[in-house]
Amino acid sequence: MRVLVLGADGYLGWPTCMYFSRMGHEVIGADNYFRRNAALALDCEALIPTPNLLQRAKIWQQVIEKKIAIHIGDVTNHEFLLSLFRAYHPDVVIHYAEQPSAPYSMLDRDKAAFTIQNNLLSTLNIVYAVKEVSPDCHIIKLGTMGEYGTPNIDIEEGWIQIQHKGKKDTFLFPRQASSLYHTTKIQDTDLLWFYVRTWGLRVTDLMQGPVYGISTDDADMDERLIPNFHYDEIFGTVLNRFIVQAIIGYPLTVYGKGGQTRGYLNIKDTLQCVYLAATQPAKPGELRIFNQISESFSVNELAEKVKIVGKKLGYDVKITHLENPRNEKEEHYYNPKYTGLLKLGLQPQYLTDGVLEGMFGIVEKYKNNINRDAIFRGVKW
Ligand SMILES: NC(=O)c1ccc[n+]([C@@H]2O[C@H](COP(=O)([O-])OP(=O)(O)OC[C@H]3O[C@@H](n4cnc5c(N)ncnc54)[C@H](O)[C@@H]3O)[C@@H](O)[C@H]2O)c1
């Protein structure tokens, strides 16, 4: 396959480029360095300095003798995106190129506006580029489990059948996000669904939970290939943050009661899921939705796991319950269905003590880079 990865410099984008390349596919990666620049502006850079995308592709070629073509540019610039489609005619486009942080989207009006513009325009441009240049190209879009929110009923995989006044129909599962960022993901799904119905596009929308981890088979070959790993309040995901906090003796920042429950997955599972979706594509005129998680935990359960493994490794791990800066339910029902990717062949990597120990081991090597001030600033909803 010829695979176009948009957002190729990101936490998930770069490992995805390497994974598809190693599996023998032609990979083209594009990014505008939004994430690097935003992290620099907010003084919350990744734990481990990573070479820029062009350099990473050169290192990859030295390591494995496979080429990844890199283009630096903005996906919201339609001419830039069209030029990529015209040059490569991809079989599949993997769309990671969005502003991915809930706290960033809640910082102020300008960042909210940027999030709406960046996320919706990038999706719209991809739809148009596919329609105009490669109508058979399969779009794989990263959505989020946060689109569903925390309803008091079971969460289905994308769709729900509703019976009303004696008649039945199938609709997108009701969505009610708890941040502006997550709301743009709902709007992305609506955009895609409209164009799937109207133009017969083939789309897979992956409702992904928070990802953790730093190690992938490819990144492990050379530490310069490691994904960008954030532990700050703006760009870090909760488990990655807790590991860093544990290592420097910063009490684990549980928000409120800590009963917030979500589905999580290892970065290695993200790679498997996206690969399975690409190699078994959606049909023309199909919006296929998978819930991309491997298991569920409450924040309290994650903190407890980190505390136990940290103690075993000799760290003095404490847990604190901060006043919750977010407007969210701290105790709620949560029962999502997630069988679609398992049926495609996903073999989940669960959160074992061994996985946590591996994360501790990598972060420990870079602990001198940790910026305590970036850990918690209390962005309010
Ligand atoms: N990491 C997670 O836990 C998680 C969970 C659910 C969903 N997601 C989604 O997965 C995708 C990737 O997330 P990530 O964690 O790798 O984020 P990331 O910020 O590390 O990667 C996104 C990349 O896209 C780039 N980008 C953003 N806007 C762009 C634009 N207009 N043009 C070109 N490049 C642009 C950024 O510079 C960045 O390198 C996002 O859409 C995110 O919403 C991530």
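Residues numbered from 1 in each chain as written. Predicted model: local features only at pLDDT ≥ 70, side-chain atom pairs only at ≥ 80, totals over all residues. Heavy atoms only, no water.

## Looking at the overall build of the chain
A count of helical and extended segments in the chain gives twelve helices and 14 strands. Taken over the C-alpha trace, the chain has a radius of gyration of 20 Å; the compact-globule value for 381 residues is 21 Å, and the two agree within 12%. In terms of its C-alpha atoms, the chain occupies a principal-axis envelope of roughly 60 × 55 × 40 Å. Taking all 381 residues of the chain together, 57% fall into the buried category. Put simply, of all contacts in the chain between residues at least 6 apart along the chain, 80% involve residues at least 24 apart. Surface exposure of the chain reaches about 15700 Å², of which carbon and sulfur atoms provide 50%. Each charge sign in the chain was given a centre, from 41 positive and 43 negative side chains, and these centres are 2 Å apart. (Helix = DSSP H or I, 4+ residues; strand = E, 2+ residues; numbered from the N terminus. Rg over C-alpha atoms; globule rule 2.2 N^0.38 Å. Buried < 20%, exposed > 50% of the residue type's maximum accessible area, 1.4 Å probe, protein only. Contact = heavy atoms within 4.5 Å. Areas by Shrake-Rupley, 256 points an atom, 1.4 Å probe, with all protein chains shown as cover. Lys, Arg positive; Asp, Glu negative; His and termini not counted. Charge placed at Lys NZ, Arg CZ, Asp CG, Glu CD.)

## Describing the pattern of salt bridges
One pass over the structure, following the stated rule, counts 19 salt bridges. Across the pair Asp108 and Lys111 runs a salt bridge, and its minimum N-O distance is 3.5 Å. For Asp188, the salt bridge is made with Lys141, and the minimal N-O distance between the two is 3.1 Å. Placement of the pair is Asp188 in helix H7 (residues 180-199) and Lys141 in strand E5 (residues 138-144), with a sequence separation of 47 residues. With respect to burial, Asp188 and Lys141 carry one shared label: buried. (Salt bridge = Lys/Arg side-chain N within 4 Å of Asp/Glu carboxyl O.)

## Observations concerning helix H8 (residues 238-247)
With ten of ten residues buried, H8 lies mostly within the body of the structure. Check the buried side of H8 and you find it contacts strand E9 (211-212), strand E10 (252-255), strand E11 (261-266), helix H10 (299-312) and helix H12 (353-365). Two residues or fewer after H8 comes Gly249, characterised by a positive phi angle close to 70 degrees.

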